[in-house]
2 protein chains.
Amino acid sequence: MSDNLDLIRELSLPTTSKIVLVVLDGLGGLPSLKTGKTELETAKKPNLDRLASRGMCGLVDPVAPGITPGSAPGHLALFGYDPLKFKVGRGVLEAMGIDFELGPGDVAARGNFCTVDEAGRVTDRRAGRISTEKCAELARLLDGLLIEGVKVLVRPVKEHRFVAVFRGEGLDHRLGDSDPQQTGVTPKTVTALSTQAGRTADIANQFVVQAKKALAGHHPANMVLLRGFSGRPELPTVREMYKLKSAAISGYPMYRGLARLVGMEVIETGPSVREEFLTLKQNYGSYDFFFVHVKGADAAGEDGDFERKVRVIEEVDDSMPLITSVNPDVVVVTGDHSTPARLKGHSWHPVPVLLYGRYCRPDRVKGFSESAAVSGGLGRIAATSIMPLAMANALKLTKYGA
Amino acid sequence: MSDNLDLIRELSLPTTSKIVLVVLDGLGGLPSLKTGKTELETAKKPNLDRLASRGMCGLVDPVAPGITPGSAPGHLALFGYDPLKFKVGRGVLEAMGIDFELGPGDVAARGNFCTVDEAGRVTDRRAGRISTEKCAELARLLDGLLIEGVKVLVRPVKEHRFVAVFRGEGLDHRLGDSDPQQTGVTPKTVTALSTQAGRTADIANQFVVQAKKALAGHHPANMVLLRGFSGRPELPTVREMYKLKSAAISGYPMYRGLARLVGMEVIETGPSVREEFLTLKQNYGSYDFFFVHVKGADAAGEDGDFERKVRVIEEVDDSMPLITSVNPDVVVVTGDHSTPARLKGHSWHPVPVLLYGRYCRPDRVKGFSESAAVSGGLGRIAATSIMPLAMANALKLTKYGA
């Protein structure tokens with residue numbers, strides 16, 4: 001997999017045409033052992049089928065054949081960025097998951113409240129999965145510590161999970177974890193993985209010492225573990241790359257965060273598919289690119305709930321007229337990866353994609369499905385090709401070479 | 001074409017699941033002008049058709065579209081190694097072809113016994129294709145020469161062909177050929193292609209001088225020509241890359257040699273397909289990856305014998321139950337390249353592949369054939385994607401990125 005960012009940057013033109021990218025998180029599936037049909041093939045979805053029939057279909061590899069992508073690489077690839085080149089660290093992703101806006105020099109880490117014994121050895125890496133309320137209370141205890149001029153912002157996530165963000169001058173995120181990933185041993189000292197990161201390692205270790213003191217009376221959550229230190233990756237923006245005024249619509253913070261990383265503007269919306277699509281319709285005049293993210297398909301897949309995933313797809317189909325009624329020049333519907341209910345998790349299976357636009361060369365595919373997409377006009381392509389294809393179909397790319 | 005070795009190394013997990021890779025050498029073909037069917041399409045092969053129908057099919061490019069691969073690049077690609085990055089020299093390949101185990105510092109060359117006239121000019125590059133027995137006798141004459149502490153091991157191959165292996169400290173294989181590839185001229189002096197190879201060039205030239213003396217009375221085989229000086233390439237092993245305990249089963253030495261290059265363990269077997277598959281069955285408990293190589297299809301193709309190639313495929317089909325009866329988690333059947341009987345040689349045509357496993361997403365292909373594979377669910381993929389796909393389907397790859 002690779003991207004053609006420099007080429008696209010050179011060829012892209014600002015125009016008045018509009019592109020809508022609908023991402024059904026975890027869209028691709030596997031056939032039910034009873035019916036032989038996938039979630040997508042089981043869903044009643046006349047609107048999506050009509051778009052597929054009038055447009056082109058294909059199958060997409062988010063990272064490479066055989067590779068199961070996390071949400072970050074899956075989305076970066078859809079936005080046209082090589083996911084093997086641009087990486088989003090665990091700490092940054094966790095911060096995005098709670099809508100925490102990271103600044104350029106911030107260093108974020110994923111934290112666990114954990115339990116240690118008198119000798120300081122970890123006995124439970126998750127502190128018995130304390131409640132989210134307890135987590136919030138403890139995070140407040142640690143939040144705002146000032147160490148050598150660096151402020152440590154601590155925010156609760158869920159149960160034992162929190163985010164620690166180090167904010168100050170001259171920080172470097174190239175640090176090893178303190179989380180030993182096992183019990184029976186003491187937490188590791190945070191080490192610098194680069195000569196420039198020495199001071200940041202020092203500060204992180206001081207934070208851990210102070211946190212331990214502050215948590216002394218809060219057994220089982222009497223210590224912290226930090227991992228995935230990372231800084232906001234430097235990505236060229238969608239505006240630079242594509243000359244697009246872009247909007248992100250997502251009920252879930254992590255996807256808003258991923259969209260912000262590439263410079264999209266986030267529009268407030270409600271949690272349902274209908275509300276998201278309505279938000280698009282209401283803001284249609286103000287942007288020329290919309291990324292709309294539907295979480296439910298992935299969540300149902302992760303739960304192994306085939307029927308619920310089918311219903312999410314049907315819900316999307318029901319609301320599609322909110323999008324098609326405004327007549328976007330190009331509509332793309334796909335996923336960031338597959339999440340088959342049978343596997344209860346992300347998978348490596350290529351993701352079906354449909355691309356509809358006035359100038360696409362229609363294929364013989366008559367409905368939106370994994371098995372039909374195999375013979376679609378788009379073939380089997382890298383996810384990083386989707387944006388160039390959408391741009392081309394919206395007549396937003398000029399000729400390469402004389 | 002490229003590989004994702006670093007990525008795979010990072011994501012691969014040791015598990016108890018098992019993968020079988022069956023390589024029918026030269027599998028891909030061209031239609032008979034009489035029937036319009038290829039060798040594979042002509043063969044009666046109910047077992048392979050059933051696997052194809054329950055699994056996924058596709059077409060594989062070993063190196064790149066239009067490129068006809070030799071056996072070494074064809075196999076390296078199937079093992080997941082970019083054949084444009086990792087190269088196996090002629091000398092090394094020739095040594096592997098006679099099961100000669102090269103050490104890390106050895107320099108191997110392909111040799112010809114040839115005829116020279118009184119002026120030293122080559123009159124026959126193959127010495128009238130002397131018998132293999134004669135070749136063995138002459139090789140014994142030259143074997144074991146010691147030059148400046150470097151031992152020269154000389155082994156007969158077939159007819160006029162032999163292998164010369166230089167073994168000693170500080171050798172460098174970057175040498176030009178002595179074989180002028182034409183008659184009427186004297187053999188070339190071996191030259192160093194790198195400043196570090198000067199001493200090795202010297203030793204090679206001394207060997208040629210001594211060989212000429214030793215062969216003086218053996219007209220027509222009164223001289224040697226050397227070409228393809230090469231050392232064993234450094235390849236990451238299958239165990240490092242995939243965390244696999246792997247076994248190679250092949251009746252032919254060259255393929256055992258290629259498997260050894262990537263660290264596979266070679267299991268002894270008989271020459272027939274049935275014996276090879278039986279060897280797999282008997283050793284099934286001891287490994288989690290099996291590479292089984294079937295030579296006959298390529299040999300028949302090279303001979304232009306369409307019918308014999310059909311029979312080899314039928315023989316494989318007959319023996320498939322030996323493999324399927326042990327229920328491997330993933331079975332892949334493909335070739336290292338095409339060898340259409342009509343072309344009597346390797347060709348550039350993409351090779352059909354079938355991948356069967358519990359978690360594959362079945363396509364609409366109902367039999368194993370080149371023309372059906374065009375619309376298979378795997379699409380047209382690089383051969384280097386086969387191992388990642390097999391690994392993914394065996395649940396041996398963890399997620400990439402958060």
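Residues numbered from 1 in each chain as written. Chains lettered and ligands numbered in written order. Predicted model: local features only at pLDDT ≥ 70, side-chain atom pairs only at ≥ 80, totals over all residues. Heavy atoms only, no water.

Things to note about the overall build of chain A
- The number of helices and strands found in chain A is 14 helices and 14 strands.
- Taking 402 residues into account, the globule formula puts the C-alpha radius of gyration at 21 Å, and chain A, at 23 Å, falls close to it.
- Taking the principal axes of the C-alpha coordinates as reference, chain A spans close to 70 × 55 × 35 Å.
- By residue count, 59% of the 402 residues in chain A fall in the buried class. (Helix = DSSP H or I, 4+ residues; strand = E, 2+ residues; numbered from the N terminus. Rg over C-alpha atoms; globule rule 2.2 N^0.38 Å. Buried < 20%, exposed > 50% of the residue type's maximum accessible area, 1.4 Å probe, protein only.)

Re the interface of chain A and chain B
- With 33 residues of chain A at the contact, the number on the chain B side is 26 residues.
- Considering only the side of chain A, the residues that lose the most area to chain B are I67, W348 and R380 of chain A, jointly responsible for 23% of the buried surface there.
- Here chain A is connected to chain B by zero salt bridges.
- Taken together, the connections running from chain A to chain B amount to 10 residue pairs in polar contact (both at pLDDT 80 or more).
- Elements with a contribution of two residues or more to the side of chain A that touches chain B: α4 (71-78), α5 (90-97) and α13 (370-373) of chain A.
- Tallied by class, the residues present in the side of chain A that touches chain B amount to 18 nonpolar, 10 polar and five charged. (Contact = heavy atoms within 4.5 Å. Buried area = accessible area lost by both parts, 1.4 Å probe. Salt bridge = Lys/Arg side-chain N within 4 Å of Asp/Glu carboxyl O. Polar contact = N/O pair within 3.5 Å; in protein donor to acceptor, adjacent residues only side chain to side chain. Nonpolar A, V, L, I, M, F, W, Y, C, P; charged D, E, K, R; others polar.)

Let's talk about the sheet that holds strand β14 (residues 379-382) of chain A
Residue and element names in this part refer to chain A.
- Strand order in this open sheet of eight strands is β10-β9-β11-β1-β12-β13-β2-β14, and the pairing throughout is mixed. In this open sheet, the two edge strands, each paired with only one partner strand, are β10 (265-266) and β14.
- Pairing between strand β2 (residues 56-61) and strand β13 (residues 351-357): five bridges, direction antiparallel. The partner of G58 across the bridge, within β13, is V353.
- Packed on one face of the sheet, helix α14 (residues 386-393) meets β1 (19-24), β2, β11 (289-294), β12 (330-334), β13 and β14 and runs near 155° to β12. (Pairing = 2+ DSSP bridges. Axes fitted to C-alpha atoms, helices over the stretch in contact; angles between N-to-C directions.)

Description of the pattern of salt bridges
- Inspection of every chain in the model, using the stated rule, returns 44 salt bridges over all chains.
- When the shortest N-O distance is used, the salt bridge between D117 of chain A and R121 of chain A registers 3.3 Å.
- Between R9 of chain B and E240 of chain B there is a salt bridge, and its shortest N-O distance comes to 3.2 Å. A residue pair is termed long-range when its members are at least 10 positions apart, and R9 of chain B in helix α1 (residues 5-11) and E240 of chain B in helix α8 (residues 238-242) qualify at 231 residues.
- Its relative accessible area of 32% is what places R9 of chain B among the partly exposed residues.
- Take E240 of chain B: its relative accessible area is 39%, and that puts it in the partly exposed class.
- What you see here is one network of salt bridges that share partners, running through D99, E101, R256 and R260 of chain A.

Function cannot be inferred from these measures alone, as they are strictly geometric.
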